[in-house]
Amino acid sequence: MPKREDLKSILIIGSGPIIIGQACEFDYSGSQALRSLREDGIETILINSNPATIMTDPSMADHVYLKPLNTKSIIEILKKHPNIDAVLPTMGGQTALNLCIEADEKGIWEDFGVEIIGVDIDAINITEDREKFRELMLKIGVGMAPQSTATSFLKGKEIAQEFGFPLVIRASFTLGGAGASIVYEPEKFDDLLSHGLEVSPIHEVMIDKAMMGWKEYELELLRDKNDNVVIICTIENMDPMGIHTGDSITVAPAMTLSDRTFQKMRDMAIKMMRSIGDFAGGCNVQFAVSPDEEEEIIAIEINPRVSRSSALASKATGYPIAKIAAKLAIGYTLDELDNQITKSTSALFEPTLDYVIVKIPRWNFDKFEGSDRTLGLQMKSVGEVMGIGRSFQEALHKATQSLEIKRNGLGADGKGLKDYETIIQKLTVPSWDRVFVIYDAIQLGIPLKRINEITKIDMWFLKQYEELHCLEQEINKYTIASLPKSLLLEAKQKGFADRQIAHMLDCYESEVHKKRMEFNINRVYKLVDTCAAEFTAMTPYYYSTFEEEIETADGKRFVANDSVVTDRKKIVVLGSGPNRIGQGIEFDYCCVHGVLAAAECDYETIMINCNPETVSTDFDTADKLYFEPIFWEHIYDIILHEKPEGVIVQLGGQTALKLAEKLDRYGIKIIGTSYQSLDLAEDRGSFSTLLKENNIPYPKFGTAETADEALDLADELGFPLLVRPSYVLGGQGMKIVINKKDLEQHVVDLLRKIPNNKLLLDHYLDGAIEAEADAICDGEDVYIIGIMEHIEPCGIHSGDSNATLPPFNLGEFVIQQIKDHTKKIALALNTVGLINIQFAIKDDTVYIIEANPRASRTVPFIAKAYGEPYVNYATKVMLGDKKVKDFNFNPQLEGYAIKQPVFSFNKFPNVNKNLGPEMKSTGESILFIDSLKDDEFYNLYSRRKMYLSK
């Protein structure tokens, strides 16, 4: 049966600002669902308060409401659109589900005659209420860990007495494992039980007997109204039970599962999905398996919605789960839909992978000084990367190279730990760098049995690590001149970077690259095609690998390459890599718009990125997607293969910018602002000379490379001082110091963390107002797209400040100075494209803090507030297709738009919540107000100095 004809208008609830535990994977799902519904001619109405994402772009839905996610907003929208037939709440994570339940309890859907599709309320309630879920599982014969529900402190104590330790406490109706903990000692139980009861909105916790060390698996399912069920992907956690799946290293397909147990798990998952309710859509099921011969399976939980892992599973298999789930919700069946990759087979199939993917989370503990860095049941990561390879080893290496934490992969970079006690401690208490520490442990000679005993990581994974170590030892015996071809090919097939091999051979990376070329060991590109190459794929979604040469009957030797180079003119857009604090989804928004604008200018567009959560890595965003690390060697090989006109670096945040110098050195054209101008803006000395020549005021400053130089400089500049390292994003390592002792301590600490860095010391303008401007420049004309005034005083990072568009408190004289300075600086830096400039205003004088000739965090916000596609315009300017004067700028905004940062401090309860020059927020929301008399504005303004830390 085709789709339902009675559904003409559908409301989709988004997931709101990005927080730890609910990131841009839900924006990816929501964006897919919107596109999917619009293909069927359905009117789409979206509510989401996040301005940084592509999902809230005006082009994504027929009506976009950037409003707070509460029932008041829902009622307003339903009154404005009485024709809404249904609501789809499964695409916006827990936030959307919770809002849907609340609206249902208040009778709102019933009042307006709106049907819930994609899930039913009973299914949500059964899966969220751990007691009901347990009863149901026992009824259908699915095993679970011994567990019991407590709705009071006393009941919790009784359960603990019955089960014994270790125990797991899980709070009902929470996200990202909030309120969950493992309790090993009775003395910690009382506090953790109270915390769980407090965090749960219904003050209920489930207490389980801890299945520590059991293996953990996730299955992604889809079901249609005819009860056809397909399992899209099986994901294995390399980390055993006890670490939240969002913080675990995960692998697909499952590596250590016997076929017998897999079939059993499959049947259980289907049975579970069918038992929780009669609905069509997506579902995620988690299981634990005993690590012995028995392979006993127990269910952990089921989520009747598109989950965090759905985005990963979609990118891993090429099967767009959210897109198909949206179609199933409106009545289609799986056999009626096309496989989106082959276009010739149906969607009623289970993908087969002829490659391996590895996901590694990306943490940001350095932003939360004093935070507990151990991993457990509460999710703490802020993003993730995915590596695709022909083997687990290659995929693991690619994922570690994608993390952007100054590591070149596993081992062979001189950064490994060598102290036995430290290594044992880090293996015992799981921490963010465990993926590297396992390698260090093997290098130190700690037996695999011992590592397995401590970590409970399956021996198969540990043996893979050991093989890599043995290969490194073998290569160490050679020099670059004597290294045999077979060994170099094996190292490349196992994912070792040229840089790592150079470290082993004690030579330069370029020499290894040259040797590869001589041996004809070149990267080849393979398709992600959902069907292990059994059918022709129509989507150009590639990963790289290395293969042996094939010899044909007539003696021709070649290596098979799926990526065919066309003769169209091409543009490469470098993505922004994993989400982290300081570089989030807003840069992905810019990259997607850059790709779309380049396509409008008739270029073949090539996207390179390694973040599975985002829209830029969707297989139909660019003409070609290379799912590869933003790591020099990978980028360079793609460029040699594709021979583009140039590379766009100014849309992908600091990740892409950091590669500008190398691109320039290798003679690859940078589209838009040149590397020289980008570097000039980063180099404080040269930039200040430029400001001086243009009579533009800036705070007194100096540079220092040692603590002694910094102390001498302090006498000249006077306290308070703002200290920061060069070339960092999100204010990393920035601090305001007020005396010599603080200064010395901070400088020593910074130089230890970032050796050989040039430190910048500015006189801090105490009590100044901070403002920023974003502009588009074509080298001749400058158009300022927006000026924003921060509500908090100068000294709090712009990403952590509440900011208003337009300014609320700056006089004509100050605004004019901002405009003049912006135009002068943009032209003096020869900007072609976007530029962001930050100002400090004191005694009616406007000082320059810094200028960044690239897309900034605020560009998507301004574009949404004014309803104008600024990134599209800027990209066309970069490509030389248009000039600033060719655009008809017409910003529309009544009243003010306020950018409000959102923090995830609840994940780090003992951390100092004071704000300063280092960014700590994980996301943002947008708030529209008609006038400054609005209560919301008054509240923000009255609290503006509360968190300022020196």
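Every chain begins its residue count from 1, and numbering advances along the sequence as written. This being a predicted model, a pLDDT of at least 70 is required before a residue's local features are given, and a value of 80 or more before pairs of side-chain atoms are given or counted; all residues contribute to the totals for chains, interfaces and linings. Side-chain measures were taken over the full set of non-hydrogen atoms in the model, leaving aside hydrogen atoms and water.

### Thoughts on the sheet that holds strand S14 (residues 297–303)
Following DSSP output, two strands are said to pair if at least two bridges run between them. A run of H or I in DSSP becomes a helix once it reaches four residues, and a run of E becomes a strand once it reaches two; helices and strands are each numbered from the N terminus. Ordered in space as S14-S13-S10-S11-S12-S15-S16, the seven strands form an open sheet in which the pairing is antiparallel. The strands lining the two open edges of the sheet, one partner per strand, are S14 and strand S16 (383–389). Looking at each pair of strands side by side, their axes are set apart by 25 degrees on average, direction ignored. Both strand S10 (residues 215–223) and strand S13 (residues 281–289) contribute to a ladder of nine bridges, which runs antiparallel. In the sheet register, Leu219 faces S13, and the bridge partner there is Val285. Here, two residues are considered to be in contact whenever any of their heavy atoms come within 4.5 Å of each other. Note on definitions: angles span 0 to 180 degrees between N-to-C directions of axes, and those axes are lines fitted to C-alpha atoms, for helices only across the stretch in contact. With respect to the sheet, helix H12 (residues 392–402) is in contact with strand S12 (250–252), strand S15 (356–362) and S16, its orientation differing from that of S15 by roughly 30 degrees.

### Focus: the packing of helix H5 (residues 121–128) against helix H6 (residues 130–140)
Where H5 contacts H6, the two axes come as close as 5 Å, and the packing angle between them is 95 degrees. In terms of their interaxial angle, H5 and H6 are classed as roughly perpendicular. Across the interface between the two elements, Ile126, Thr127 and Glu128 of H5 pack against Arg130, Lys132, Phe133 and Leu136 of H6. The class makeup of the residues in the contact of H5 with H6 is three nonpolar, one polar and three charged. Each angle gets one of four labels, with under 35 degrees taken as roughly parallel, over 145 as roughly antiparallel, 65 to 115 as roughly perpendicular, and the rest as oblique. Charged means Asp, Glu, Lys or Arg here, nonpolar means Ala, Val, Leu, Ile, Met, Phe, Trp, Tyr, Cys or Pro, and polar covers whatever is left, Gly included.

### A look at the sheet that holds strand S25 (residues 701–704)
With antiparallel pairing, four strands are arranged side by side in an open sheet as S25-S28-S26-S27. Here the strands that pair on one side only, and so sit at the sheet edges, are S25 and strand S27 (735–737). Ignoring which end each strand starts from, the neighbouring axes of this sheet average 25 degrees apart. Looking at chain direction, strand S26 (residues 721–725) and S27 are connected through three bridges and run antiparallel.

### A few points about the side chain of Arg170
Its place among the elements puts Arg170 in strand S7 (residues 167–171). Here a polar contact means two N or O atoms within 3.5 Å. Within protein one must be a hydrogen donor candidate and the other an acceptor candidate, and residues neighboring in sequence count only if both atoms are side-chain atoms. In terms of polar contacts, Arg170 uses its side chain to reach the side chain of Asp208, at 3.3 Å. Filtering out sequence-adjacent residues up to four positions away, Arg170 remains in contact with Arg130, Ala180, Glu204, Val205, Met206, Asp208, Met241 and Ile300.

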